[in-house]
Amino acid sequence: MIKLAGGVSLAFRFPAPLPVAFAYYSDLRTILHFLPHVEVNHVYGDDHFRLYYNSVEFGGYTMHIYCDIRATFEDSLHMIRIVPEESPPEVEERAGINSSTARGTFTSQGLFFDEGQETRIEYEFELYSNLPRPLGMRLMPQRMVNGIASNVARTRMREVAQGFIERSLAAFPEWCQQQAVSPDGNR
């Protein structure tokens, strides 16, 4: 097995008051599409999704990871949590010559802080999976494979977080138009 685990924490300023920023990032049907390397594979409900992480690593090995998630919103704390949801259909673990497929866990937490006309947002992202070893990697020592996997996971999660921030900032004006909301919080 390949133990893939990575996480990152980032903070950024969002150009809108807290109520608008929180409403925007609570719109998961929109916001989840801003995660690089991650696709929404299935929508079970407004707060329940299956995500698909796909990345080519290790010089040509493809990792396919399915993560079932559920969102919780704590309005009083201005917090959005993404937690694993284990009830949907299982994911068949498979290893090919240069690919691997398994279920994983994706978690995230966003904390929103009022700073007048802006909002400071602190986000944490984590991805974890035990993937079956592709046949082409069976001769590599386990410690070496896990070490490489950990480095790759940390790098990819940083890319996911930074890309998410950039994409969500860029799409905010269009969301405001669709929702008939002014970026400053007025309708």
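Residues numbered from 1 in each chain as written. Predicted model: local features only at pLDDT ≥ 70, side-chain atom pairs only at ≥ 80, totals over all residues. Heavy atoms only, no water.

As for the packing of aromatic side chains
For the structure on display, the rule yields 18 aromatic pairs. An angle of 75° between the planes, with centres 6.4 Å apart, marks the rings of Phe 112 and Tyr 123 as edge-to-face. Remark: Tyr 123 occurs in strand S8 (residues 118–131) and Phe 112 occurs in strand S7 (residues 99–115); sequence separation between them is eleven residues. Tyr 123 shares its class with Phe 112; the two are buried. By way of ring pairs, the aromatic residues Phe 12, Phe 14, Phe 22, Tyr 24, Tyr 25, Phe 106, Phe 112, Tyr 123, Phe 125, Phe 164, Phe 172 and Trp 175 are connected into one cluster. Positioned above the aromatic ring of Phe 113 is the side chain of Arg 120, whose terminal nitrogen or guanidinium carbon lies 4.3 Å from the ring centre. (Phe/Tyr/Trp six-rings, centres within 6.5 Å; stacked < 30°, edge-to-face > 60°. Helix = DSSP H or I, 4+ residues; strand = E, 2+ residues; numbered from the N terminus. Buried < 20%, exposed > 50% of the residue type's maximum accessible area, 1.4 Å probe, protein only. Lys NZ or Arg CZ within 6 Å of the ring centre and 35° of its normal.)

Let's talk about the nonpolar core
Here is a general trend for soluble globular proteins: nonpolar side chains tend to be buried in one another's company. Of all hydrophobic cores here, the largest spans 52 residues; its most connected members are Phe 14, Tyr 24, Tyr 25, Phe 106, Phe 112, Phe 125 and Phe 164. No other element matches the twelve residues that helix H3 (residues 142–179) contributes to this core. Phe 164 has contacts with Tyr 25, Ile 31, Phe 34, Leu 35, Pro 36, Tyr 123 and Phe 125, leaving out every residue within four places of it along the chain. (Core = buried A, V, L, I, M, F, W, Y, C linked by side-chain atoms within 4.5 Å. Contact = heavy atoms within 4.5 Å.)

Section: unusual backbone geometry
Phi is positive for His 78, close to 55°, though the residue is something other than glycine. A residue is classified by how much of its surface remains accessible, and His 78, at 28% relative accessible area, is partly exposed. Here Ala 180, not a glycine, exhibits a phi torsion of approximately 55°, which is positive. In this structure, Ala 180 sits in the segment after H3. Since its relative accessible area comes to 52%, Ala 180 is described here as exposed.

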